[in-house]
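A closer look at the structure
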Amino acid sequence: MTTRPILLLAALCLTASASRTMGEEMRVYIGTYTKEGGSKGIYAADFDGATGRLGEPKLVAEVASPSFLTLASSGKTLYAVSENRDRVTAYRVEADGTLAKLNDQSSAGGGPCYVALTPDGKTLALANYGGGSIASYRVQEDGSLSAPVTTIQHVGSSVDPKRQKGPHAHSINFSLDGRFAYAADLGTDRVYVYAVDPGTSALKTAGETVIEPGSGPRHFAFRPDGKFAYLINEMSLMMKAFRVEPATGALTEIQSLCTLPAGTAPQ
């Protein structure tokens, strides 16, 4: 049976998301927060899609707090942010699932928490939660990363005095055609839109969508056809749906729903 790599993301411990394809054996990569006597880095485990069984995780790369990972569509390279080192690392995926470090670069900001690739795999971008900024990189032919091509510092604040005194870029995602990048910022209650230069991997400001004060935008995702996008707001517990304008990347809100059952009060 062929083993195909998929990706699981880190939380406060070893956690998992559902597999993309059921009924086949896959390799799962797990990011973690590291500490003395605990996790040591990135782990891999075999996943059986037919039975739902996850095998014993094995350490495949020692690195400090690889809290978010992304895997190239080819399955040949993997990228991880090190949240407490302010670095992003590129790895080659070996046949046995182990990871061989290609290089690492500065995250160009504090507390990187999210990393993403364009569909063609030529541009990588990350979000720095602590520093409230984003950065883009050119992916080289061997999968290694250039120095930061673009760094953009978000500016502003919002209404919550504890969590929104300044910007906190919480994620960055590329449109399905790779022409635009969308950065959700918890601290400023905005989703920033950037145009992507496919030749250089540079990002240029293309607009922004303002979310209600105190919402705390966190993660952003597209429908598979790319025509609609969805935003989860961590602080307001609201999910928003947007129509995506293909020419400009602009977002038009079409729906807003509470993530809690009716009559349930936030804790």
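Rules and cut-offs
Residues numbered from 1 in each chain as written. Predicted model: local features only at pLDDT ≥ 70, side-chain atom pairs only at ≥ 80, totals over all residues. Heavy atoms only, no water. Helix = DSSP H or I, 4+ residues; strand = E, 2+ residues; numbered from the N terminus. Rg over C-alpha atoms; globule rule 2.2 N^0.38 Å. Contact = heavy atoms within 4.5 Å. Areas by Shrake-Rupley, 256 points an atom, 1.4 Å probe, with all protein chains shown as cover. Pairing = 2+ DSSP bridges. Axes fitted to C-alpha atoms, helices over the stretch in contact; angles between N-to-C directions. Buried < 20%, exposed > 50% of the residue type's maximum accessible area, 1.4 Å probe, protein only. Polar contact = N/O pair within 3.5 Å; in protein donor to acceptor, adjacent residues only side chain to side chain. Salt bridge = Lys/Arg side-chain N within 4 Å of Asp/Glu carboxyl O. Phe/Tyr/Trp six-rings, centres within 6.5 Å; stacked < 30°, edge-to-face > 60°.

1. Let's talk about the overall build of the chain
Check the secondary structure of the chain and you find zero helices and 21 strands. The C-alpha radius of gyration computed for the chain amounts to 18 Å, which stays within 12% of the reference 18 Å derived for 267 residues, consistent with globular compactness. Projected onto its principal axes, the C-alpha coordinates of the chain cover approximately 45 × 45 × 40 Å. Contacts in the chain between residues far apart in sequence, at least 24 positions, make up 39% of those at least 6 positions apart. Only carbon and sulfur atoms are counted for the fraction: they give 53% of the accessible area of the chain, which is about 12700 Å².

2. Focus: the sheet that holds strand β19 (residues 228–233)
In any sheet, the strands associate via hydrogen bonds between backbone groups, in a parallel or an antiparallel arrangement. One open sheet holds the four strands; their spatial order is β18-β19-β20-β21, and the pairing between them is antiparallel. Each edge of the open sheet carries a strand with a single partner, namely β18 (217–222) and β21 (251–258). Averaged over all neighbouring strand pairs, the angle between strand axes comes to 25 degrees, with direction disregarded. With five bridges connecting them, β18 and β19 associate as antiparallel partners. Bridged to Phe222 within β19 is Ala229.

3. Focus: the side chain of Asn173
By the secondary structure assignment, Asn173 is in strand β14 (residues 169–174). A residue is classified by how much of its surface remains accessible, and Asn173, at 12% relative accessible area, is buried. Among the polar contacts made by the side chain of Asn173, one reaches the side chain of Tyr114 at a distance of 2.9 Å. A polar side-chain atom of Asn173 sits 3.3 Å from the main-chain carbonyl oxygen of Phe220. In this view, Asn173 contacts Tyr114, Phe180, Ala181, Tyr182 and Phe220; residues no more than four positions away in its chain are not counted.

4. What to know about the pattern of salt bridges
Overall, the coordinates contain 11 salt bridges when judged by the stated rule. The residue Arg163 makes a salt bridge to Glu234 at a minimum N-O spacing of 2.7 Å. With Arg163 in the loop between β13 (150–153) and β14 and Glu234 in the loop between β19 and β20 (238–244), this residue pair connects regions lying 71 residues apart in the sequence. Relative accessible area serves as the criterion here: at 30%, Arg163 is assigned to the partly exposed category.

5. Some points on the packing of aromatic side chains
The full count for this structure, using the stated rule, is four aromatic pairs. Ring geometry for Tyr182 versus Phe220: centroids 5.1 Å apart, planes at 10 degrees, classification stacked. Of this pair, Tyr182 sits in strand β15 (residues 180–185) while Phe220 is found in strand β18, placing the two residues 38 residues apart along the sequence. Of the two residues, Tyr182 and Phe220, neither departs from the other in class, the shared state being buried. Pairing Phe220 with Phe222 gives two aromatic rings, centres 5.3 Å apart and planes at 85 degrees, and the pair type is edge-to-face. Across this residue pair, the class does not change: Phe220 and Phe222 are buried. Through a chain of ring-to-ring contacts, the aromatic side chains of Tyr182, Phe220 and Phe222 assemble into a single cluster.

6. A short note on the pairing of β21
Here seven bridges tie β20 to β21, and the two strands are oriented antiparallel to one another. Bridge pairing links Met239 to Leu257 in β21.

7. Things to note about the sheet that holds strand β8 (residues 87–93)
With respect to topology, four strands assemble into an open sheet ordered β6-β7-β8-β9, the strand pairing being antiparallel. On the outer flanks of this sheet lie β6 (66–71) and β9 (99–106), each paired with one strand and no other. Here the strands of the sheet are splayed against their neighbours by 25 degrees on average, with no regard to which way each runs. Of the pairings in the sheet, the one linking β6 to strand β7 (residues 77–82) comprises five bridges and is antiparallel in character.

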